[in-house]
Amino acid sequence: MVAGAPGGRSRNLVLAAMIFAVSMTFIDQTIVSIAVPQIQRELGLTSTGVQWAVNAYLLSLAALFAFGGRLADTMGHTRMVVLGVIVFAAASAMCGLTPKGTLAEGWIVAFRAVQGAGGAIMFPAALAIVVQTFELRERGRALALFFGIAGGLTAIGPILGGVLTQWTWRAIFWVNIPVALIALVLISVAKPTTDYRPARIDYRGLVLVAAGVALSVFGFQQSSVWGWGNPGIGICIGGGLVLLVAFAAVEARTASPLIEISIFRVRAFLVENAVLGIAMLVFIPFFFFASEYAQISLGKSPSNAGLVLLYFFLGFVVAAQIGGRMLDRVGAKRPVVLGCALAAVGFDLWARKVTGLDFSTQLWYIIIAGAGMGFMLGPATTDAVNRASRLSYGEATGITQTVRNYSASLGLAILGTVLVDGMRSHLKTSLIAQGLSPAQASAEAWRLSQSQESGASSAIPHFVRLDFADAIHTVILAMAGIMAAAAIVAFLGLHRGVQAESGTIAAVDAGAEPRA
C-alpha cells in the first residue's frame, strides 16, 4: 500500500483540480448533439455514422467505468486522473481534426470512443481523490459542489455547443484542450495524495463486464433505429445481460476481482445504487427531450433552447448544496427521499403545462424538478461511495457510474420510443382530421417525425408543435412516475442517521437503526 497525506497542499485546490478534470466528460455528454446537423453535412456522414459519433462516446464510457475504478485503486488515483485528462484532450483534438472524405466516419467514431475511454479512466479516480481528501463529515458539502458544477456543465453543454458551432463545429471538441491544460496545472500545484494498493488486474472480468455493458447498451441505443420488434435488439440486450451474470459469477470466485461483488451485501450501497439507477432513467434523457421540446414545440433556436436547461440547472445547483449539507448533518435518507419526491412533483406539474406552449407558465416547475434531482444525486452517490473501504473508493465509483450510464441508456431508449410512438399517433390523428386517408396519414406522420430534428423551427406547422407537445407530456409524466418509484425505494430501503467512521449509522433521529 502506498500512503500519503489525504489533504494534499490544499483541499479546495484539489477539489478545483478534480472539477476541471471531470468537467470535460459532463460537457461532452450533451454538447455534441447540438452540432450533429453541421457535422453530418460537412463530413458527409451517413445517418448511422452520425448517430455513432454521438453514441460511441457514451458506449465506451459506460463499458469501461468499472475498469477505470479498479485501475485507480491499484495504480494510483492521481496518475490515472492525469492519464485520463491527457487521453481525453488528445482524442478531442483528433475529433476536431477529422478529415473530410472516406476517412471521416471511421475517424470521428474511433476518437469519440477513445474520448469515452479517457473519461472512464479519469472520473472514478477524480471522485476517489475528493472522497479521500475530505473527512467523512465534510464530504457531503464537498461533493455537493463537485456534482452541482458537474450537473450544471451537462446543462450548459447545448448552450455552449450552439455558440461554438456558429464559428465551426470543430470548436466543440477543441474547447476541451484549454480545460485539460488548466486541470493539469491545478493537479501539478495541488499535488493530491491518496492511498492505493497495487494488485493484479482481472482481465477476464474486464472482458466480461466491458462486453456485457457494451452489448446491452448497444441494444438500447439501436432500439430507436432498428425498432423494438427487431430480433437483434433482444439478442444484444439479452446477450449483454447473460455476460453480466457470468461476470458476477466469475468475480465471486476470483482472488483479485475487478469488482468485489460482496460490496452489494452492504444494504446502503445496494439501495443507493438502485435509487441512482432509477433516477438516471430520467436525468440524462431530460436534457435531450427538453431541448427537443424547446426547439420543436416552443420554436426556439438550438442555442436558445439551452435556456430551458439553465432553469433546471438553477434549481439543481442550489438544492445540491443544501442536500450535501443535509447529508453531513442528518444522513442520506432525508435528502434522497425528499429529492426524489420533489423531482416527481416538479415533473408532474410541468407535464400539465407543456401542451400550452407558454414557457413562462412552465419555468418554475422545471426549477422544482431540477431542485429535486440536485437534492438527491450528490447525497446518493456520496453515501454509496462512503460504504467502500479507503482502498476501494475508485472501485465503488466505477460501480456507481456504470449503473448511472447503463440506466441512462435504458431511459433514452425506452422514453425515446414512447416519445416517437406518441408523436406518430398524434400526428396521424391530426392528419386524418385534415382529410388524409389513414394510410397516407401514417406515411406522412412517419416522415414528419423523422424530419423535425434538422428542420428549421419556423417551418414547423403549428399542429406538429402541438402533437409533439402532447407526446412529450406523456414522457414527462413517465419521468414523474419514475422519480416517485425512486422515492419509495429510498424511503423503504435506507435507514435514518449519519454514517459513523466505523461504518455504522449514528442515531441522529429517534429510532435510527444500525446499517444492515
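Residues numbered from 1 in each chain as written. Predicted model: local features only at pLDDT ≥ 70, side-chain atom pairs only at ≥ 80, totals over all residues. Heavy atoms only, no water.

## Describing the overall build of the chain
Going by this rule: Only DSSP runs of H or I covering at least 4 residues are called helices, and only runs of E covering at least 2 are called strands; the numbering of each starts at the N terminus. Only protein chains enter the accessibility calculation, which uses a 1.4 Å probe; a residue whose area is less than 20% of its type maximum is buried, one above 50% is exposed, and one in between is partly exposed. Where accessible areas are quoted, they stem from the Shrake-Rupley method and a 1.4 Å probe; at the residue level, only the protein chains shown are allowed to cover.
Check the secondary structure of the chain and you find 16 helices and two strands. Within the chain, buried positions represent 58% of all 516 residues. As displayed, the chain has an accessible area near 19300 Å², and 66% of this comes from carbon and sulfur atoms.

## Thoughts on the packing of aromatic side chains
Selection rule: Aromatic pairs are defined between Phe, Tyr and Trp rings, using the six-membered ring for Trp, whenever the two ring centres lie within 6.5 Å; interplanar angles under 30 degrees are classed as stacked, those over 60 as edge-to-face, and all others as tilted.
For the structure on display, the rule yields 20 aromatic pairs. For the pair phenylalanine 286 and phenylalanine 287, a centre-to-centre distance of 5.5 Å together with 70 degrees between the ring planes defines the contact as edge-to-face. Members of the aromatic cluster, each reached through a chain of ring pairs, are Phe283, Phe286, Phe287, Tyr293, Phe312, Phe316, Phe347 and Trp350.

## Overview of the environment of phenylalanine 359
Keep this limit in mind: Contact between two residues is taken to exist if any of their heavy atoms lie within 4.5 Å; hydrogens are not considered.
Tracing the sequence through the fold places phenylalanine 359 in the loop between helix 12 (333–351) and helix 13 (363–386). Setting aside residues no more than four positions away along its own chain, phenylalanine 359 makes contact with Leu298, Val308, Tyr311 and Ile366.

## Describing the layout of surface pockets
The cut-off we apply is this: A cavity here means a set of points on a 1 Å grid, drawn over the protein atoms and nothing else, where a 1.4 Å probe fits but cannot get out; a pocket is an open set with protein on both sides within 12 Å along at least five of seven lines, and a residue lines either one if it has an atom within 4 Å of a point. Grid points are joined across faces, edges and corners, and a volume is the space filled by probe spheres set on the points. The classification used treats Ala, Val, Leu, Ile, Met, Phe, Trp, Tyr, Cys and Pro as nonpolar, Asp, Glu, Lys and Arg as charged, and all other residues, Gly among them, as polar.
When its volume is computed, the second largest pocket comes out at roughly 530 Å³. Along the wall of the second largest pocket there are 19 residues; nearest its centre are Val213, Leu244, Phe264, Thr402 and Val403. No other element matches helix 14 (residues 393–433), which puts five residues into the lining of the second largest pocket. Here the lining of the second largest pocket is composed, by residue class, of 15 nonpolar, four polar and no charged.

## Some thoughts on the packing of helix 12 against helix 13
To keep things clear, this is the line we draw: Helix axes are fitted to C-alpha atoms over the stretch in contact, other axes to C-alpha atoms as well, and angles between N-to-C directions run from 0 to 180 degrees. Orientation categories follow fixed angle ranges, with anything under 35 degrees roughly parallel, anything over 145 roughly antiparallel, 65 to 115 roughly perpendicular, and all other angles oblique. Here a crossing is called left-handed whenever its near helix is offset anticlockwise from the far helix by less than a right angle, and right-handed whenever the offset is clockwise.
In the contact formed by helix 12 and helix 13, the axes pass within 7 Å of each other and the chain directions differ by 155 degrees. Accordingly, the angle class assigned to the pair helix 12 and helix 13 is roughly antiparallel. Here the hand of the crossing between helix 12 and helix 13 comes out left-handed. For the pair formed by helix 12 and helix 13, the contact residues are Pro335, Val336, Leu338, Gly339, Cys340, Leu342, Ala343, Gly346, Phe347, Leu349 and Trp350 on the first element and Tyr365, Ile366, Ile368, Ala369, Ala371, Gly372, Met373, Phe375, Met376, Pro379 and Ala380 on the second. Taken together, the residues of the contact of helix 12 with helix 13 sort by class into 19 nonpolar, three polar and no charged.

## A short note on a nonpolar patch on the surface
In plain terms, the rule: Surface patches are defined over residues having more than 30% relative accessible area and no salt bridge, joining like charges when they lie within 9 Å and nonpolar side chains (Val, Leu, Ile, Met, Phe, Trp, Tyr) when within 5 Å. Between Lys or Arg on one side and Asp or Glu on the other, a salt bridge is scored when a side-chain nitrogen of the former is within 4 Å of a carboxyl oxygen of the latter.
Taken together, the side chains of Tyr311, Leu314, Val318 and Ile322 make up a nonpolar region of the molecular surface, amounting to roughly 330 Å² of accessible area. Here valine 318 shows up in helix 11 (residues 302–330).

## Some points on the pattern of salt bridges
For the coordinates displayed, the defined rule picks out five salt bridges. When the shortest N-O distance is used, the salt bridge between glutamate 395 and arginine 70 registers 3.9 Å. One end of the pair, glutamate 395, is in helix 14; the other, arginine 70, is in helix 2 (residues 47–75), and 325 residues separate them in sequence. Residue classification places arginine 70 among the buried residues on the basis of a relative accessible area of 8%. Between arginine 352 and aspartate 348 there is a salt bridge; the shortest N-O distance is 2.8 Å. When its relative accessible area of 58% is taken as the criterion, arginine 352 is described as exposed. By relative accessible area, aspartate 348 is classed as partly exposed at 22%.

## Structural notes on the side chain of glutamate 251
For clarity, the cut-off: Contacts described as polar in this section are N or O atom pairs within 3.5 Å, which, within protein, must combine one atom able to donate a hydrogen with one able to accept it, while residues neighboring in sequence count only if both atoms come from side chains.
In this structure, glutamate 251 sits in helix 9 (residues 231–252). A polar atom in the side chain of glutamate 251 sits 2.5 Å from the backbone nitrogen of leucine 258. The residues touching glutamate 251, leaving out its near neighbours within four places in the chain, are Asp202, Gly205, Pro257, Leu258, Ile259 and Ile261.

## Examining the environment of proline 178
With respect to the element layout, proline 178 can be found in helix 7 (residues 176–190). Along the primary structure proline 178 and alanine 89 are separated by 89 residues, whereas in three dimensions their C-alpha atoms are 8.8 Å apart.

## Here's the deal with the side chain of serine 430
Its place among the elements puts serine 430 in helix 14. Side-chain polar atoms of serine 430 contact the side chain of aspartate 467, separated by 2.8 Å. Dropping the residues within four chain positions of it, serine 430 is found in contact with Phe463 and Asp467.

## Here's the deal with the environment of leucine 477
Secondary-structure assignment places leucine 477 in helix 16 (residues 462–493). A relative accessible area of 33% places leucine 477 in the partly exposed class. Residue contacts for leucine 477: discarding those within four places in its chain leaves Asp348 and Ala351.

## What about unusual backbone geometry?
Phi angles above zero are rare outside glycine, and lysine 191 is one such case at about 50 degrees. Tracing the backbone through its elements, the reader meets lysine 191 in the loop between helix 7 and helix 8 (203–226). Look at lysine 191 and you get partly exposed, because its relative accessible area is 44%.

## Overview of the nonpolar core
Which entries qualify depends on this criterion: The criterion is simple. A nonpolar core is a set of buried Ala, Val, Leu, Ile, Met, Phe, Trp, Tyr and Cys residues joined through side-chain atoms within 4.5 Å.
Counting residues in hydrophobic clusters, the biggest one holds 95 residues, and the most contacted among them are Met18, Ile39, Val81 and Phe146. Ignoring sequence-local partners within four residues, the contact set of methionine 18 consists of Val81, Ala126, Ile129, Val130, Phe146, Ile187 and Pro192.

## Notes on helix 7
Using the following cut-off: Helices are assigned an expected span. That span is 1.5 Å times one less than the residue count. The arc refers to the directions leading from the helix axis to the C-beta atoms.
Compared with an ideal rise of 1.5 Å per residue, which puts 15 residues at 21 Å, helix 7 spans 21 Å between its outermost C-alpha atoms and is within 8% of the ideal. The complete set of buried residues in helix 7 reads Asn176, Val179, Ala180, Ala183, Leu186, Ile187 and Ala190. Seen end-on, helix 7 carries its buried residues on one side only, within an arc spanning 125 degrees. Turned more than 90 degrees away from the buried face of helix 7, the exposed residues are Leu181 and Val185. Within two residues after helix 7, lysine 191 carries a phi angle of roughly 50 degrees, on the positive side.

## Digging into the confidence of the model for the chain
We count it as follows: The predictor attaches a confidence to each residue, called pLDDT, with possible values from 0 through 100.
Across the chain, the average pLDDT comes to 84, with 90% of residues at 70 or higher. In the predicted structure, residues 452–456 sits below a pLDDT of 50 and forms five contacts with residues beyond four places in sequence or in another chain. In the predicted structure, residues 502–516 sits below a pLDDT of 50 and forms 37 contacts with residues beyond four places in sequence or in another chain.

## Regarding the packing of helix 12 against helix 16
Geometry of a packed helix pair, given as the angle between the helix axes and the separation of the axes. Running from N to C, helix 12 and helix 16 point in directions that differ by 160 degrees, and their axes come no closer than 8 Å. With respect to each other, helix 12 and helix 16 are oriented roughly antiparallel. Crossing hand, helix 12 versus helix 16: left-handed. Here Lys333, Val336, Val337, Cys340, Ala341, Ala343, Ala344, Phe347, Asp348, Trp350 and Ala351 of helix 12 come into contact with helix 16, specifically with His473, Ile476, Leu477, Met479, Ala480, Met483, Ala484, Ala486, Ala487, Ala490 and Phe491.

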